[in-house]
Amino acid sequence: MVVEPKVKGFICTTAHPVGCEESVRRQIAYCKEKGMVEGPKKVLVIGASTGYGLASRIAVTYGYGAGTIGVSYEKEAKGKRTATAGWYNTKAFEKLAKEDGYYAKSFNGDGFSKEMKDQVIKTIQEDWSEVDLVVYSMAAPRRTLPDGTAVSSVLKTVGSELTNKTIDLRTNEVTEVTVPVATEEEIQNTIKVMGGEDWSDWIHALADAGVLAQNASTVAYSYIGPEVTHAIYKDGSIGQAKKHLYDTSVALTKEFSDIHLSARISVNKALVTQSSAAIPIVPLYISLLYKVMKKEGLHEGCIEQMQRLFTEKFVKQEVDEKGQFRLDDWEMRDSVQDAIKEVWDKITTENIQEYCDIDGYWEDFYHMFGFHYDNVDYAADCEI
């Protein structure tokens, strides 16, 4: 069938299988061009099908020559409904990695569940005996806890509500949005979904099964961002979860000191992902950030970020005073943030094209779902 993009709010409800493979192919080509360094060879990526997780899987395969096991929760095609982009991305990655001679196995299901952990551990025992790097890149809106209770995360502030500019992505109209205050229960639920609890559960399960190697490393992803997004992100409900994630990294390193485990956070750059598109204020900030960073020659996408993380900062253990990798170092440069502060209050619907890279934002958005690649024939029938 012919597959076209169908956009609802901040999500695209269709994905193009050929376009998703082209996306994966381009990310692989980028890493191949950059070359290899010495690094971990048996890597588990939890949340491996899109964005930073997928880019991590590609970066370690083609940056270290690593075999990978990926965990994600995606929907396959049904009738005339396409599969999710992550489903096609995973199939494409497995195909291309295996063609290049790399081990690549993928599990599709609830990464929070004990059943998924048990399946992955069984495969590690059978195929590898142990794992030496665990990348935790889960980005889910809800989680079913071990006792069967389902909890959801919220995108809200803590303490007082926030009113600021945002962009209506459907109309490119600059409007004001008021973000409400999270209740204590909502904060705790957000921490349970997006904090470090499940990351810790994974590490404990791997260690208890004896498949976590001596001197193993684990990395989880976070974001801090500039002052303009702090109320919604750094200090908001998500921010409380990210603080818990950081505290978990410290606790894991201490708890597993006997096997010399290194558990670190990588603070990454703001990018168009399926998660960030949902956060108020952030899409406007990202489109402005793109404009400034492209002008300064500093712009990176997911694959550029993860290639730089794993072949440079990770192997050199280049961290900040809190022991975090800082992949937001270019975003947070004074020259970049000063340029954003200078124009933030000036942005209106009428001048948005002048100050913001709206086209670049939308290009990245469509690329996430396999659309808008110049060498893909979107008028052709494809097998979904």
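Heads up: the structure comes first, above all this text.
(A) Local environment of the overall build of the chain. Along the backbone of the chain there are 13 helices and 13 strands. For the chain, the proportion of its 384 residues judged to be buried stands at 55%. Of all intrachain contacts in the chain linking residues separated by at least 6 positions in sequence, the fraction that spans at least 24 positions is 77%. For the chain, the exposed area adds up to about 16,900 Å²; of that, 49% sits on carbon and sulfur atoms. Of the side-chain charges in the chain, 43 are positive and 58 negative, and the distance between the mean point of each set is 2 Å.

(B) The arrangement of the environment of F10 in detail. Relative to the assigned elements, F10 resides in the loop between β1 (7-8) and β2 (11-12). A sequence separation of 186 residues divides F10 from G196, and the C-alpha atoms of the two residues are 26 Å apart. Setting aside its immediate chain neighbours within four residues, F10 contacts A277, A278 and F365.

(C) Quick peek at the sheet that holds strand β11 (residues 212-222). An order of β5-β4-β3-β6-β11-β12-β13 is seen for the seven strands of this open sheet, with the pairing classed as parallel. Each edge of the open sheet is held by one strand with a lone partner, namely β5 (104-108) and β13 (325-326). As paired elements, strand β12 (residues 262-267) and β13 share two bridges and run parallel to each other. Bridge pairing in β13 places S266 opposite F325. Across the face of the sheet, helix α3 (residues 85-99) comes into contact with β4 (67-72) and β5 while running at roughly 160° to β5.

(D) Focus on helix α4 (residues 114-127). A rise of 1.5 Å per residue sets the reference length of α4, with its 14 residues, at 20 Å; its end C-alpha atoms lie 20 Å apart and thus fit the reference within 8%. Along α4, the positions that sit buried rather than exposed are M116, K117, V120, I121, T123 and I124. Seen from one end, α4 has its buried residues packed into an arc of 160°, which puts them on one side. Facing away from the buried side of α4 by more than 90 degrees, the exposed set consists of K114, E115 and E126. Close packing links the buried residues of α4 with β3 (42-46), β4, β5, β6 (131-136) and α6 (197-208). Looking at the residues trailing α4, positive phi occurs at S129, about 80°.

(E) Molecular detail of the pattern of salt bridges. The tally for this structure, following the rule as stated, stands at 23 salt bridges. E21 is paired through a salt bridge with R25; the nearest N and O atoms lie 2.5 Å apart. With a gap of four residues between them, E21 and R25 both fall in helix α1 (residues 17-34), about one helical turn apart. Judged by its relative accessible area of 18%, E21 falls in the buried class. Here D320 ties to R326 by a salt bridge, and the two come within 3.2 Å at their closest N and O atoms. Residue R326 is classed as partly exposed on the basis of its relative accessible area of 24%. Through salt bridges with shared partners, a single ionic network connects E300, R308, K313, E318 and D329.

(F) Geometry of the environment of P226. Looking at the secondary structure, you find P226 in the loop between β11 and α7 (227-230). Taking relative accessible area as the criterion, P226 reaches 5% and is therefore assigned buried. For the pair P226 and V2, spaced 224 residues apart in sequence, the C-alpha to C-alpha distance is 42 Å. Non-local contacts of P226, meaning those with residues more than four positions away in its chain, are made with Y285, E331, M332 and Q337.

(G) A look at unusual backbone geometry. Despite not being glycine, H260 has its phi angle at roughly 60°, a positive value. Inspection of the secondary structure puts H260 in the loop between α8 (237-255) and β12. Of note, H372 is a non-glycine position whose phi angle comes to about 70°, a positive value. Mapped onto the secondary structure, H372 falls in the segment after α13 (358-368).

(H) Molecular detail of the packing of aromatic side chains. The final tally for this structure, using the stated rule, is 14 aromatic pairs. Ring geometry for Y62 and Y102: centres 5.2 Å apart, planes at 75°, overall edge-to-face. Remark: Y102 occurs in the loop between α3 and β5 and Y62 occurs in helix α2 (residues 51-64); sequence separation between them is 40 residues. Here the aromatic rings of F365 and F369 are separated by 5.3 Å at their centres, their planes lie at 55°, and the arrangement is tilted. Among the residues examined, F365 registers a relative accessible area of 1% and is labelled buried. Here the basic side chain of K91 rests over the ring of W87, its NZ or CZ set 5.0 Å away from the ring centre. A cation over an aromatic ring shows up here: R308 above the ring of W330, its NZ or CZ 3.8 Å from the ring centre.

(I) Structural detail: a positive patch on the surface. Taken together, the side chains of K6, K8, K75, K78 and R81 present a region of like positive charge at the surface. Checked against the element boundaries, K8 lands in strand β1.

What counts and how
- Residues numbered from 1 in each chain as written.
- Predicted model: local features only at pLDDT ≥ 70, side-chain atom pairs only at ≥ 80, totals over all residues.
- Heavy atoms only, no water.
- Helix = DSSP H or I, 4+ residues; strand = E, 2+ residues; numbered from the N terminus.
- Buried < 20%, exposed > 50% of the residue type's maximum accessible area, 1.4 Å probe, protein only.
- Contact = heavy atoms within 4.5 Å.
- Areas by Shrake-Rupley, 256 points an atom, 1.4 Å probe, with all protein chains shown as cover.
- Lys, Arg positive; Asp, Glu negative; His and termini not counted.
- Charge placed at Lys NZ, Arg CZ, Asp CG, Glu CD.
- Pairing = 2+ DSSP bridges.
- Axes fitted to C-alpha atoms, helices over the stretch in contact; angles between N-to-C directions.
- Expected span 1.5 Å × (residues − 1).
- Arc of directions from axis to C-beta.
- Salt bridge = Lys/Arg side-chain N within 4 Å of Asp/Glu carboxyl O.
- Phe/Tyr/Trp six-rings, centres within 6.5 Å; stacked < 30°, edge-to-face > 60°.
- Lys NZ or Arg CZ within 6 Å of the ring centre and 35° of its normal.
- Patch = residues over 30% accessible without salt bridge, like charges linked within 9 Å, V, L, I, M, F, W, Y side chains within 5 Å.

Geometric descriptors of this kind do not, in isolation, establish any biological role.
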